[in-house]
Amino acid sequence: MPTTTLDIFRYQPDVADAPYRQDFDLDHAEDTTLLDAVLDLQNTQDGTLAVRYSCRSAICGSCACKANGKTVLACMTQVEDVKRDFGTDRIAVDPIGNFRPIKDLVVDMDPFWDKFKSVKPYLIPDGPAPEKERIVPKEAMQKIYNEAKCILCAACYSECNSLTADPEFVGPAAFAWGYRFAADERDGDRKKRAKLYSGDHGVWDCTRCMYCNERCPKGVDPRDAIEKLGGIAFQEGVTSDKGAKHAQAFLISMRTQGKLNETLLVPYTDPLGAPLDLPFAMRMMKHGKAPSPFHPKIKQHGEVKELLANVKETI
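Predicted model only: the values in this text are computed from it and were never measured.

One pass over the full model with this rule turns up 10 aromatic pairs. Aromatic side chains Phe99 and Tyr157 sit 6.4 Å apart centroid to centroid with 35 degrees between the ring planes, which places their arrangement in the tilted category. One end of the pair, Phe99, is in the loop between strand 5 (90–94) and strand 6 (101–103); the other, Tyr157, is in helix 6 (residues 155–159), with 58 residues separating them in the sequence. Tyr157 gets classed as buried once you look at its relative accessible area, which sits at 1%. Geometrically, the ring pair formed by Trp204 and Phe234 is edge-to-face, given 5.9 Å between the ring centres and 65 degrees between the ring planes. Of this pair, Trp204 sits in the loop between helix 9 (190–197) and helix 10 (211–215) while Phe234 sits in helix 11 (residues 222–235), placing them 30 residues apart in sequence. Taking relative accessible area as the criterion, Phe234 reaches 26% and is therefore assigned partly exposed. What links up through ring pairs into an aromatic cluster is the set Phe99, Phe112, Trp113, Phe116, Tyr157, Trp177 and Phe181. In this structure, Arg180 packs its charged tip against the face of Phe181, placed 4.3 Å from the ring centre.

Pairs may arise between side chains of opposite charge once their charged atoms sit close together. Under the counting rule described, the total for this entry stands at 20 salt bridges. Across the salt bridge formed by Arg90 and Asp23, the nearest N and O atoms sit 2.8 Å from each other. On the criterion of sequence distance, the pair formed by Arg90 in strand 5 and Asp23 in strand 2 (residues 20–27) is long-range, its members being 67 residues apart. Judged by its relative accessible area of 37%, Arg90 falls in the partly exposed class. A salt bridge links Arg180 to Asp184; the nearest nitrogen and oxygen atoms lie 2.8 Å apart. Judged by relative accessible area, Arg180 falls into the buried class, the value being 15%. One continuous salt-bridge network, built from bridges that share partners, spans Asp7, Arg21 and Asp94.

Here we come to the side chain of His301. Considering the arrangement of structural elements, one finds His301 in helix 15 (residues 301–314). Judged by its relative accessible area of 9%, His301 falls in the buried class. At a separation of 2.5 Å, a polar atom in the side chain of His301 contacts the main-chain carbonyl oxygen of Arg255. Other than its neighbours up to four places away in sequence, His301 contacts Met254, Arg255, Thr256, Gln257 and Gly258.

Bringing the pairing of strand 5 into the picture now. Of all 5 residues making up strand 5, 4 are buried, and the element is well covered by its neighbours. Where strand 1 (residues 3–10) lies against strand 5, 4 bridges are found, and the strand directions are parallel. Bridging across to strand 5, Asp7 finds its partner in Ala92. Here strand 3 (residues 64–67) pairs with strand 5 via 2 bridges, running antiparallel. Across the sheet, Ala67 pairs through a bridge with Val93, a residue of strand 5.

Along the chain, the position of Asn213 falls in helix 10. One polar contact links the side chain of Asn213 to the main-chain amide nitrogen of Arg223, over a distance of 2.9 Å. Among all residues touching Asn213, those that are not within four sequence positions of it are Asp221, Pro222, Arg223 and Asp224.

Attention shifts here to the pairing of strand 3. Because side chains alternate across strand 3, one face comprises the buried residues Ala64 and Lys66, and the other comprises Cys65 and Ala67, equally buried. Judged from the 4 bridges that link them, strand 3 and strand 4 (residues 70–73) form a sheet pairing that is antiparallel. Bridging across to strand 4, Lys66 finds its partner in Thr71. Here strand 3 hands over to strand 4 after 2 residues, with Asn68 in that stretch at a positive phi of 55 degrees.

The rules behind each value
- Residues numbered from 1 in each chain as written.
- Predicted model: local features only at pLDDT ≥ 70, side-chain atom pairs only at ≥ 80, totals over all residues.
- Heavy atoms only, no water.
- Phe/Tyr/Trp six-rings, centres within 6.5 Å; stacked < 30°, edge-to-face > 60°.
- Helix = DSSP H or I, 4+ residues; strand = E, 2+ residues; numbered from the N terminus.
- Buried < 20%, exposed > 50% of the residue type's maximum accessible area, 1.4 Å probe, protein only.
- Lys NZ or Arg CZ within 6 Å of the ring centre and 35° of its normal.
- Salt bridge = Lys/Arg side-chain N within 4 Å of Asp/Glu carboxyl O.
- Polar contact = N/O pair within 3.5 Å; in protein donor to acceptor, adjacent residues only side chain to side chain.
- Contact = heavy atoms within 4.5 Å.
- Pairing = 2+ DSSP bridges.

If you want it as structure tokens, here you go:
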């Protein structure tokens, strides 16, 4: 029977003002999950250890935590797998990141739910209710299948660099749900959703670190949903945000020259602020640290334009 040392984050506000860490040694079976291990400690070694859980079947998402710095669902993560992955018999167990701990592994989820509600995660019909059910083609529902798998475990929020930099960022899970309804054929608020999601702290503030995709236990790929919401914003003509203009500059550069022209990005993204950056840009060019804004089209420019046209047809 293997033995594991669990180094657990402790925060007991009724006992101590500051968080601390506590080691527990546990003998367990080969197939013991991390959640089972923590509950075993709670039952046999320290009844004050607080952890949030419910279904124990990777459905409710409430047992998300960090194991050696990696966000996981405790109920679907085996202790021996974590030890094998990190090459150690010691596992550091922490609450999910970007949330305020309430007690031990339990965090305050209110900001998460507020952001979830802000994207209007429900269907807004495109007209009066039909006499019978609305029939939606399977192909149409397949477009939102991935996003519909989200269980709101907040693992993506735990790893989100944008959220760390800006606590007001709406976040990956909420946007995944936003896309689930924005792309639903039965929804009638597509343009309003595009404006809502493109506002302050919206889709264009994502840093594209991809950690939300990497850590999602259900394969929802929230970053992909954010990307698709950006596409919907373009289709609906919602492009006033600097992030949208930045993306447009990429497209213009590729269409006109077949490659990225970095010097086009700043003036197109922020025309009013660009003159303020001009002296800095000139100094960079003088020292060979910035590319020339004047460079010819690539030889394969026609192929690039054809590729862009093909991509547009498939979106």
